[in-house]
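Coordinate analysis (summary)
Read off the chains here:
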Amino acid sequence: MTLQPNSYVVLNDGHKMPVLGFGTYAPPTYTKEQAEESTKVAIEVGYRHINCSFMYGNEVQVGRGINSKIADGTVKREDIFHTGKLWNNSHSPERVRPALERSLRDLQLDYLDLFLIHTPLECKPGDDLFPIDENGKTIYHHTDIRETWKAMEVCKDAGLVRSIGVSNFNCRQLELILNMPGLKYKPVCDQVECHIYLPQSKLLEFCKSHDIVLVSYGVLGSSRAENWIDQDAPRLLEDPVLNAVAKKVNRTPAQVAERHLLQKGIVVLAKSFSPERIKENFQVFDFELSEEDMKALDGINKKLRYLDMNVWKEHPEFPFHDEY
Ligand code: NDP
C-alpha cells in the first residue's frame, strides 16, 4: 500500500480528504494560544487536514493559526482541509446556518471543507454548551435528525461548506439519514472513536459498503480529559502488543497506532500540542506494517470506549447503546 504525506481519500461527493488530520481539541489544562501555535507547527510539518469544532472553544485561535500560514505563503486556502462541527444546542433547522456562520466568522474563513453534526444528542437550543435543569439534569430537546440534515444540505448548496457528514452516529442513525425521503447528499463520513482498543470493525464495514469514510479519533488513547474520561482507563500507548510491534519496526507506539488504522483505509486524527510529537505523529508514511503485525494489532480489541458520553446515556438518541 502506497501511502504518502499528500495521500487523500475521495469522498462520495468528489471532494478529497487528506488521510491524516491534526486534532485541535485539548482539555482546559492547555491554553487556547497553544491551539494557535500548534496549528501553525502542524501546517509547517505537513498536515493539511485540520479537525476543529465550535465546542472546542478555540476556533478563533485555530483560524488564526491557519490564516497566518496562508499569509506567510506556506499554504493556500485550497491546500487546507478544515473540518468544523455543529454542536448539540444547534440542531433546530433554523439554528444550523447561523451556527455555521458564527464558526466561519470566528475562524475567519469563507468556507469549511467539511461540516459535521458533532453528535446525534440534541440538547436544549440556546447558547449553553451543556444546558441543565435545577436538578442538574441535561435538558434534552428532540429535533428529528433528518430535519437537521436537510439544513446541513442547504449550507452545502449555499457554498458555505464543501462537504457534510456526521460524528458519533451509530449504524441505525446513519441509516436513518441514508433512507430519508428526498435525500440530496449522503454523509461523506462518520467521525468516531476508533483505535486498537475499539476497532469499530462492523461500523467500518457498514461505512465502506455505503461509500462513507470512517474518520477516527482517540487513536493515541485520547486526551484523557478529566471531565470526560475515566482516569483509570488503561493507557493505549503503553499497550504491550503495540510496544512490541513498535520495537520490531523501530517506530514509536504512536506512529504504529496511526499506521495500523491508515492501512485499513481509516482516516486518522492525531492531537498533540508538543512540536516534537506533532512532527513524530506525521512521520507515518515511510514504513509499512506487515500482515502479521496488522493481525497482532487487530487482535487487541478491549471494547474500550474512552469517550463514553455517559452523561447523556438517558438521551433517546444516545448512540452507544447499540452494538455499532
Ligand atoms: P488522541 O488520541 O490524538 O491523543 C492525544 C493525547 O496523546 C494527548 O494527551 C497528547 O499529548 C498525547 N500524544 C500525542 N502524540 C503523542 C506521542 N507521539 N507520544 C505520546 N503521547 C502523545 O486524542 P483525542 O481523543 O483528543 O483525539 C484527537 C482529535 O480527535 C481531537 O483533537 C479532536 O480534534 C478529535 N476528537 C473528536 C471527537 C468527536 O466527538 N468528534 C471527540 C474527541 C476527539 P500532547 O498534546 O502533550 O502531545
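Quick summary incoming for the structure in this document.

**As for the overall build of the protein**
Summing up its helical and strand segments, the protein has 10 helices and 10 strands in all. Considering the protein as a whole, with its 324 residues, one finds that 55% of them fall into the buried category. Relative to all contacts within the protein whose residues are 6 or more apart in sequence, the contacts with residues 24 or more apart total 75%. With an accessible surface of roughly 14,400 Å², the protein has 48% of that area assigned to carbon and sulfur atoms.

**Let's talk about the state of the cysteines**
In the structure shown here, the tally under the stated rule is 0 disulfides. The thiol of Cys52 is unpaired, and the distance to the nearest cysteine sulfur, on Cys189, comes to 15 Å. Here Cys123 stays unpaired: no disulfide links it, and the sulfur of Cys52, its closest cysteine neighbor, is 19 Å away. Assessed through its relative accessible area of 0%, Cys123 is described here as buried.

**A closer look at helix α9 (residues 275-282)**
At 3.6 residues per turn, the α-helix brings residues three or four places apart onto the same side. Listed as buried for α9 are Ile278, Asn281 and Phe282. All buried residues of α9 fall inside an arc of 100 degrees around its axis, so they share one side. Buried residues belonging to α9 abut β3 (20-23), α1 (32-45), α8 (253-262) and β10 (267-270).

**Details of the packing of aromatic side chains**
Enumeration according to the criterion identifies 12 aromatic pairs in this entry. Seen from their ring centres, Trp87 and Phe130 are 5.9 Å apart, and the 80 degrees between their planes marks the pair as edge-to-face. Taken as a pair, Trp87 in the loop between β5 (81-86) and α3 (93-107) and Phe130 in the loop between β6 (112-117) and α4 (145-157) lie far apart in primary sequence, 43 residues in all. Ring geometry for Phe130 and Trp312: centres 6.0 Å apart, planes at 25 degrees, overall stacked. One end of the pair, Phe130, is in the loop between β6 and α4; the other, Trp312, is in the segment after α10 (291-298), and 182 residues separate them in sequence. Counting every residue linked through ring pairs, the aromatic cluster contains Phe22, Tyr30, Tyr47, Phe273, Phe282 and Phe285. Between the NZ or CZ atom of Arg77 and the centre of the ring of Tyr111, over which it lies, the distance is 3.9 Å. The ring of Tyr30 is capped by Lys271, whose NZ or CZ atom sits 3.8 Å from the centre of that ring.

**Points about the site of the ligand**
By nearness alone, 29 residues border the ligand, and Asn51, Lys271, Ser272, Phe273 and Arg277 come closest of all. Here an oxygen atom of the ligand sits 3.4 Å away from a polar atom, N or O, in the main chain of Gly218. More than half of the atoms of the ligand fall within 2 Å of the grid points belonging to the largest pocket. Sorting the residues of the shell around the ligand by element identifies β10 and α9 as the ones contributing at least two each. The biggest single contributor to the shell around the ligand is α9, with 3 residues.

**Details of the sheet that holds strand β9 (residues 213-217)**
Spatial strand order, β3-β4-β5-β6-β7-β8-β9-β10: 8 strands in a closed barrel with parallel pairing. For this sheet, the mean inter-axis angle between neighbouring strands, taken without regard to orientation, is 30 degrees. Sheet analysis places β3 next to β10, joined by 3 bridges and oriented parallel. Its bridge partner being in β10, Leu20 is matched across the sheet by Val268.

**Structural notes on α1**
In this model, α1 (14 residues) spans 20 Å end to end at C-alpha, consistent with the 20 Å of a helix rising 1.5 Å per residue. Taken together, the buried positions of α1 are occupied by Ala35, Glu36, Ser38, Thr39, Lys40, Ala42 and Ile43. Check the buried side of α1 and you find it contacts β3, β4 (49-51), α2 (59-71) and α9. Gly46 sits one or two positions beyond α1 and adopts a positive phi of about 135 degrees.

**Looking at the pattern of salt bridges**
Counting across every chain of the model gives 17 salt bridges. With a closest N to O distance of 3.3 Å, Glu37 and Lys40 form a salt bridge. Of the two residues, Glu37 and Lys40 both sit in helix α1, 3 residues apart, roughly one turn of that helix. Here Arg146 and Asp144 are joined by a salt bridge, their closest N and O atoms 2.9 Å apart. For Arg146, a relative accessible area of 28% corresponds to the partly exposed category. Judged by its relative accessible area of 28%, Asp144 falls in the partly exposed class. Salt bridges sharing partners connect three or more residues here, namely Glu44, Lys69 and Asp72.

What counts as what
Residues numbered from 1 in each chain as written. Predicted model: local features only at pLDDT ≥ 70, side-chain atom pairs only at ≥ 80, totals over all residues. Heavy atoms only, no water. Helix = DSSP H or I, 4+ residues; strand = E, 2+ residues; numbered from the N terminus. Buried < 20%, exposed > 50% of the residue type's maximum accessible area, 1.4 Å probe, protein only. Contact = heavy atoms within 4.5 Å. Areas by Shrake-Rupley, 256 points an atom, 1.4 Å probe, with all protein chains shown as cover. Disulfide = S-S within 2.5 Å. Arc of directions from axis to C-beta. Phe/Tyr/Trp six-rings, centres within 6.5 Å; stacked < 30°, edge-to-face > 60°. Lys NZ or Arg CZ within 6 Å of the ring centre and 35° of its normal. Near = heavy atom within 4 Å. Polar contact = N/O pair within 3.5 Å; in protein donor to acceptor, adjacent residues only side chain to side chain. 1 Å grid on protein atoms, 1.4 Å probe; cavity = no way out; pocket = protein on both sides within 12 Å on 5 of 7 lines; lining within 4 Å. Sits in = over half its atoms within 2 Å of the grid points. Pairing = 2+ DSSP bridges. Axes fitted to C-alpha atoms, helices over the stretch in contact; angles between N-to-C directions. Expected span 1.5 Å × (residues − 1). Salt bridge = Lys/Arg side-chain N within 4 Å of Asp/Glu carboxyl O.

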